[in-house]
Amino acid sequence: MNASPHFKKGPSGPKAIDAVLTCLLFLVVLFAPLALNGLGIGRDNLIMRRHEYRNPRPRPSVPRSVEAWVALPWQWDDYWSDVFPYRGPLIQFQANLRHKTLGANGANSIILEDGSVFGVGHVDWYRGRNIGTDRDVDSFIEILRRKRAFFQKAGVDYYFLLAPSRLDFDRERLDVLFRLPKRHALAEKIERRMPPDAREWFILPETAMREAKERHPDRPLFFKRDYHWSEWGRTVAAAEIVRVVRIAHPELAPMEPESVPIVVEPEDSRFWSQLRTLGVSFRAFPVPPTAKVAPAWTEEHGRLAAARDRRPLAMAYYSDSFMEILSERPPEILSFGSVERAGGWGALGTPAGCEQALAGQPDVVVESVFIDGLATWEYLDLNAAWLSAAEPRP
C-alpha cells in the first residue's frame, strides 16, 4: 500500500546535520557576546578613547533613590553598549576606513590615548594638502622682500619669523595613524624656493626648538590640547630671533632661553573649551603638563624694561596669536632695550601700514605668522597691495 502523498520523508542525514549545525552556530553568535563580556574578553577601552573621545561608561551601581531606579535601565543600556565585545573591532574597522578615505578618526580632531589633541586640518596641511602653489610661495616671498626694502630705506631692519607646526615635534606619535613627511610640506616648499639672500632675515626656529627639546625633554614646547606653542616654546623662539638679529647687530647682547626661569605646571584647561563643545570629556585622562615662565620673570622683566643703562635698541613685532603669548613680558627684553607687540599680522599689509609702524621709531621690526595660518594664504589677500604697488619710499 502506497504512503499518503501528504507525508514526505524528513531531511536526509547530512542535511539534518547541516540544519543542526546552522542552528548551533546561530545560537553561538547570538549568545557569545554575553559570554565574552562575562569573561572580560574582547573589550578594547583604548580604541574607544582614541576614536570616540571618551572612556567606557562604568557598570551601574545599586540605586539609592527613586530617580536612580528610574535611570537604571538606561544606564545598563549604555553600559552594555560600551562593553559589547564586538564593538572594538567594529570601531577599529570604521577608524581604518576613515583613515583611508578622510585621513582622520574624528570629524575635526584626533585624540590619542593620553588625551593629546591634534586638529585634522593641521595634519592635512602638514601632509601637503591644500597648501597652495609655487606661485603662491613666490608671491609670499616677494611681498616680504618688498617690505624689507621699505624698512631698510628708513634705516630699520625687517625680519620674518615662521612659527612651526606642533607636528614637527610630535610626528612620531601620529606615524601609526598617518604617513607623515619628515617636515611640514609648506616649510619644505618655502625653503626650496627661497632665494639665498632671504635666508639672512627669514627666521625658522625649528632647529633651535629641536635642540631645546633634547636639552629639556621634560619641558613641553607646545600645548597638548591646543596647537599653540607653550611659553617655553615662545622663549626658545625669542632666543632664535636674537641670534639672527645679532648677525647684523653684534652689539646686541646674546640670549640663552635658559636665562628665563621656567616651571612645569598642569596645562590651563581654558584651552579645552572648544573640545568640550564636541562632547569630549578629559576627566579620564591625566592633566598634561606645560612649561611656562616662573612668577619671578614678571619682576625681572619689569627691572630690565626700566633700566636706563642698556643700549636702546627697540624691537617692534607684528604677529598672530603665537607671538601674542608672553607679549606683556617678552623674553627678548634680555637683549633689546624695549620690546613691543605693536599689532597683528595684518597691520603691515599695506605700505601705509608700514609707514605707521615707523612712527614708533623701532630699530628692528619682526613679523611673524604661524605656518598653518599661512597655509590658508589669507596672508596674500591681506598684503595684496604690496604686489600691486610700486616699491614705496617711506
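Residues numbered from 1 in each chain as written. Predicted model: local features only at pLDDT ≥ 70, side-chain atom pairs only at ≥ 80, totals over all residues. Heavy atoms only, no water.

The next subject is the overall build of the chain. When you go through the chain residue by residue, the secondary structure sums to 17 helices and nine strands. Looking at the chain as a whole, 46% of its 394 residues are labelled buried. Residue pairs at least 24 apart in sequence account for 77% of intrachain contacts in the chain once pairs closer than 6 positions are excluded. Split by element, the accessible area of the chain, about 21000 Å² in all, is 56% carbon and sulfur. (Helix = DSSP H or I, 4+ residues; strand = E, 2+ residues; numbered from the N terminus. Buried < 20%, exposed > 50% of the residue type's maximum accessible area, 1.4 Å probe, protein only. Contact = heavy atoms within 4.5 Å. Areas by Shrake-Rupley, 256 points an atom, 1.4 Å probe, with all protein chains shown as cover.)

A few words now on the environment of Thr376. Examined against the element boundaries, Thr376 turns out to sit in the loop between α15 (371–375) and α16 (378–382). Here the alpha-carbon distance between Thr376 and Gly132, two residues 244 residues apart in the chain, equals 7.9 Å.

Bringing the side chain of Asp226 into the picture now. Within the element layout of this structure, Asp226 appears in the loop between α9 (206–215) and α10 (231–248). Among buried Asp, Glu, Lys and Arg side chains, Asp226 stands out as unpaired, with Arg166 the closest opposite charge at 7.6 Å. In this structure the side chain of Asp226 is engaged in a polar contact, spanning 2.6 Å, whose partner is the side chain of His228. (Lys, Arg positive; Asp, Glu negative; His and termini not counted. Salt bridge = Lys/Arg side-chain N within 4 Å of Asp/Glu carboxyl O. Polar contact = N/O pair within 3.5 Å; in protein donor to acceptor, adjacent residues only side chain to side chain.)

Moving on to the nonpolar core. Counting 77 residues, the largest nonpolar core has Phe140, Phe151, Trp229 and Tyr379 as its most contacted members. At nine residues, the largest contribution of residues to this core is made by α10. When neighbours within four sequence positions are excluded, Tyr379 is seen to be in contact with Phe140, Ile143, Leu144, Lys147, Tyr158, Phe160, Trp345, Glu367, Val369 and Leu374. Residues Ile110, Phe118, Val120 and Leu180 belong to the second largest nonpolar core, which totals ten residues. (Core = buried A, V, L, I, M, F, W, Y, C linked by side-chain atoms within 4.5 Å.)

Before going further, it helps to spend a moment on a nonpolar patch on the surface. A cluster of nonpolar side chains, Ile17, Val20, Leu21, Leu24, Phe26, Leu27 and Phe31, forms an exposed patch at the surface whose accessible area comes to about 710 Å². Within the element layout of this structure, Leu24 appears in helix α1 (residues 13–39). Residue Leu24 is classed as partly exposed on the basis of its relative accessible area of 46%. (Patch = residues over 30% accessible without salt bridge, like charges linked within 9 Å, V, L, I, M, F, W, Y side chains within 5 Å.)

What follows covers helix α8 (residues 185–193). All of the buried residues along α8 are Leu186, Ala187, Lys189 and Ile190. An end-on view of α8 places all buried positions within 160° of arc, on one side of the element. Contacts from the buried residues of α8 go to α6 (134–153), β3 (157–163), β4 (202–203), α9 and α15. (Arc of directions from axis to C-beta.)

The set of residues buried in α9 consists of Glu206, Ala208, Met209 and Ala212. The buried residues of α9 occupy an angular sector of 160° when projected down its axis, which confines them to one face. Projecting away from the buried face of α9 at angles above 90 degrees are the exposed residues Thr207 and Glu214. Structurally, α9 contributes buried residues whose contacts are with α7 (167–174), α8 and α10.

Looking at the element boundaries, Ala163 is found in strand β3. Residue Ala163 is classed as buried on the basis of its relative accessible area, which comes to 0%. A C-alpha to C-alpha distance of 6.0 Å links Ala163 and Val369, two positions 206 residues apart in sequence. With near-sequence residues (within four places) excluded, Ala163 lies in contact with Trp229, Phe322, Val369, Phe370 and Ile371.

It is generally the case that most residues other than glycine have a negative phi and that most peptide bonds are trans. Positive phi outside glycine occurs at Gln361, with the angle close to 55°. Examined against the element boundaries, Gln361 turns out to sit in the loop between α14 (351–358) and β9 (364–370). For Gln361, a relative accessible area of 66% gives the class exposed. The backbone phi angle of Trp377 is positive, close to 60°, even though this residue is not glycine.

Okay, the confidence of the model for the chain next. Per-residue confidence for the chain gives a mean pLDDT of 82, with 76% of residues at or over 70. Counting interchain partners and residues more than four positions distant, the pLDDT-below-50 stretch residues 102–107 has 21 contacts. (pLDDT = per-residue confidence, 0-100.)

The next thing to look at is the pairing of β9. Most of β9 is tucked away: seven of the seven residues are buried. Because side chains alternate across β9, one face comprises the buried residues Val364, Val366, Ser368 and Phe370, and the other comprises Val365, Glu367 and Val369, equally buried. Here seven bridges tie β3 to β9, and the two strands are oriented parallel to one another. Pairing of Ala163 across the sheet is with Phe370, part of β9. With five bridges joining them, strand β7 (residues 314–319) and β9 adopt parallel strand pairing. Of the residues in β9, the one forming a bridge with Tyr318 is Glu367. (Pairing = 2+ DSSP bridges.)

Our focus in this paragraph is the pattern of salt bridges. Inspection of every chain in the model, using the stated rule, returns 19 salt bridges. Among the ionic pairs, Asp134 bridges to Arg193, the shortest N-O distance being 3.4 Å. Remark: Arg193 occurs in helix α8 and Asp134 occurs in helix α6; sequence separation between them is 59 residues. Taking relative accessible area as the criterion, Asp134 reaches 32% and is therefore assigned partly exposed. On the basis of relative accessible area, Arg193 is assigned to the partly exposed category, the value being 33%. A salt bridge links Arg215 to Glu258; the shortest N-O distance between them is 2.9 Å.

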